[in-house]
Structures are given as structure tokens and as C-alpha cells.
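Summary of structural features
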Amino acid sequence: MSFIEFKNVSFNYDESEKIILNNISASFEKGDFVAVLGHNGSGKSTFAKLINGLLIAKSGCVTVDGIDASDENTRIDLLQRVGMVFQNPDNQIVASIVEEDVAFGPENLGVQPEEIRKRVDKALKTVGMYEYRKKSPHNLSGGQKQRVAIAGILAMNPQCIIMDEATAMLDPKGREEVMSSVKELNEQLGITIIYITHFMEEATLAKRVIVLDDGGIKLDGTPKSVFSHYDTIKEVGLDVPQPYELMRKLGVNECVLNADECASILEGLIENNVDSGN
Ligand SMILES: Nc1ncnc2c1ncn2[C@@H]1O[C@H](COP(=O)(O)OP(=O)(O)OP(=O)(O)O)[C@@H](O)[C@H]1O
Ligand SMILES: [Mg+2]
């Protein structure tokens, strides 16, 4: 059994007849880093909330580590495994001191005080916010607030973290800080990451990308294989990463996802031009 499994999952909100997710089946392994893409309203947040039990599938079944996400009796077990970071850093602050904020989650899980102390320090160190532990979270930058939010989840010892556009309100520096923390959690601690984003360049850092459209998973694969479906990406209202767009304009059809690859292809093109005397 995979770590996260969607089996024939359908969902619609009570107030509307519209089916948001239609008979989705997918599985995600432990240690995966999955970027979830899709236009506004394609169902990304709905998908995420089905994983941590904030929403319950209307039909089909979602399981995490074998736990049925719809089962109220095992909700605590589920929340211990899956934490979620949301878009607005200010909405996630619950205490007036950083370390108290981070302690909030494990306190709610009934973790013993000495253990909480250890976890809070470790979590703050992991996201590089330990030196701010006695400060007020309200005075931090957006990126720092999001890292504190991540620490709050880390202190619950999760196996999976869902980021729902957690970088959307941040400046480039804040985005970089959060993204590199997340990559580290995945690579060094093996935490499974479900990463919802509208930034295509962030999606290129994931191991796997899924694209939601019209209630289903339209594309699923490595960043390269997904973005190389250029026409489909455009049809579903998304963009490809800038380096690839540039390459296409230069007549290079290879799916190039980052600036370094882009630069080395450009170098080749320029050398060829010089060699051929153009
Ligand atoms: N509480 C709700 N009640 C009714 N409809 C809702 C509710 N929440 C979301 N929807 C609708 O469900 C659809 C999917 O919403 P969802 O928030 O999952 O999309 P999303 O891909 O996360 O969008 P965005 O990129 O804007 O965050 C949208 O049409 C939205 O209007
Ligand atoms: Mg959303």
C-alpha cells in the first residue's frame, strides 16, 4: 500500500452541484516531493484538504499510511502524520512568542512538556529560526513567519507536509527561504511534501508534478515529462517555466527547466554560430 492513496475519489461542495474532483485515483510514496498545479478553482486546495481530513470524499476513499482520512476516530493519528501550511502567514500565528507558537501543535497532541521543549528547539533550528525563538512572530518577515509555521508542524513529527500556496504572499527572498527549507525537509528528513503552487519554477524542484484540470489529473510525471506537454500545459491555463519558453522561441525543442541548462544550450548555439562564420 502506498503512503497516500486516492481510490476513485469524487468530491463536490454541498452548496453546489458542480463536481470538483471526479473519480480520482492516485498514489504517493513516502519521501515523494509532489508539486500540484492547476488553474484557479481547479481543485488543488480541495485535493489537499481531502488528505488531512479537512474535507471528506463524497465517494471513494483517501488513506494516509493506511489510515482512512474520513474516519473521525483516527483523526488524531492522521493529523500527527500530515501537517498543512497555508497561504497567509498572518492567519497561522496563534501565540505572541515564536517558541510558544511552535509548541502549540504538540501541546494539542498531548505531548509531554520536556519532549515539547526538545521538539520546538529542533524544529526552529531545522528551519533556521532558532535565534528568533523569544521574539514576537508579528514582527517577522513573511518568509520567516512561514518558516515558523513549518516549524510548528515539524514539532508534531509529521511524515507529510502539505504546502497550499505557502509562498504566494512572499517576496522572492521569502520564497527562496521557504522553498529551501522544504527541500531540506524532503531530502534530509525524508518528509513527504505535497506542494501546491502557481509558480512553475518552484514545481521544477519537485520530483513529481501533477496537473489538475476538469476534475481529474491531466498530467502526472517528472517535471520534465510534464512540462514537455507544452500545448496541454497552455490549454489548462498554465505556463511552462521561463527557460523552456525562451528555448522554444529560439527554436530549441528540448524541455529546459532551469537557467543553468538554458545557459549551456545558449553557449552551444553561440559557438556553433561563430564556427559556421555567421
Ligand atoms: N467552501 C466551498 N463551497 C463551495 N464551493 C467551493 C468551496 N471551496 C471551493 N469551492 C469551489 O470549488 C472549486 C475548487 O476550489 P479549490 O479551492 O479547491 O481550487 P484551487 O485549485 O485551490 O484554486 P486556487 O488556485 O484559486 O487556490 C472552485 O470552483 C471553488 O469555487
Ligand atoms: Mg487553492
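What counts as what
- Residues numbered from 1 in each chain as written.
- Chains lettered and ligands numbered in written order.
- Predicted model: local features only at pLDDT ≥ 70, side-chain atom pairs only at ≥ 80, totals over all residues.
- Heavy atoms only, no water.
- Axes fitted to C-alpha atoms, helices over the stretch in contact; angles between N-to-C directions.
- Helix = DSSP H or I, 4+ residues; strand = E, 2+ residues; numbered from the N terminus.
- Parallel < 35°, antiparallel > 145°, perpendicular 65-115°, else oblique.
- Contact = heavy atoms within 4.5 Å.
- Nonpolar A, V, L, I, M, F, W, Y, C, P; charged D, E, K, R; others polar.
- Core = buried A, V, L, I, M, F, W, Y, C linked by side-chain atoms within 4.5 Å.
- Buried < 20%, exposed > 50% of the residue type's maximum accessible area, 1.4 Å probe, protein only.
- Pairing = 2+ DSSP bridges.
- Phe/Tyr/Trp six-rings, centres within 6.5 Å; stacked < 30°, edge-to-face > 60°.
- Lys NZ or Arg CZ within 6 Å of the ring centre and 35° of its normal.

As for the packing of helix α5 (residues 142–154) against helix α6 (residues 172–189)
- Closest axis-to-axis distance for the α5/α6 pair is 8 Å, and the angle between their directions is 20°. Classified by the angle between their axes, α5 and α6 sit roughly parallel to one another. Touching G143, Q144, Q146, R147, I150 and L154 of α5 are G174, E177, V178, S181, V182 and L185, all from α6.
- When its residues are assigned to classes, the contact of α5 with α6 shows five nonpolar, five polar and two charged.

Structural notes on the nonpolar core
- In terms of nonpolar packing, the biggest core is built from 51 residues, with V102, I150, I161, M163, V211 and F227 touching the most fellow members.
- Ranked by residue count, the leading element in this core is α5, at six residues.
- Setting aside its immediate chain neighbours within four residues, M163 contacts V85, I150, V178, V182, I193, I194, Y195 and I196.
- Formed by 31 residues, the second largest nonpolar core is a distinct cluster that contains V36, L55, I67 and L212.

Section: the pairing of strand β1 (residues 4–11)
- Of all eight residues making up β1, six are buried, and the element is well covered by its neighbours.
- When β1 meets strand β2 (residues 21–28), the two strands line up antiparallel, connected through five bridges. Bridge assignment links F11 to a residue of β2, and that residue is L21.
- Pairing between β1 and strand β4 (residues 59–64): five bridges, direction antiparallel.

What about the packing of aromatic side chains?
- Inspection of the entire model under this criterion finds five aromatic pairs.
- Ring geometry for F28 and F47: centres 6.1 Å apart, planes at 85°, overall edge-to-face. With F28 in strand β2 and F47 in helix α1 (residues 44–51), this pair connects stretches of sequence that are 19 residues apart. F47 shares its class with F28; the two are buried.
- Where F33 meets Y195, the ring centres are 6.0 Å apart and the plane angle is 55°; that geometry is what we call tilted. Of this pair, F33 sits in strand β3 (residues 33–37) while Y195 sits in strand β8 (residues 192–196), and the two are 162 residues apart along the sequence. As far as the burial class goes, F33 and Y195 line up, both buried.
- A network of ring pairs unites the aromatic residues F6, F28 and F47 as a single cluster.
- Directly above the aromatic system of F11 lies the positively charged group of K58, at a separation of 5.1 Å from the ring centroid.

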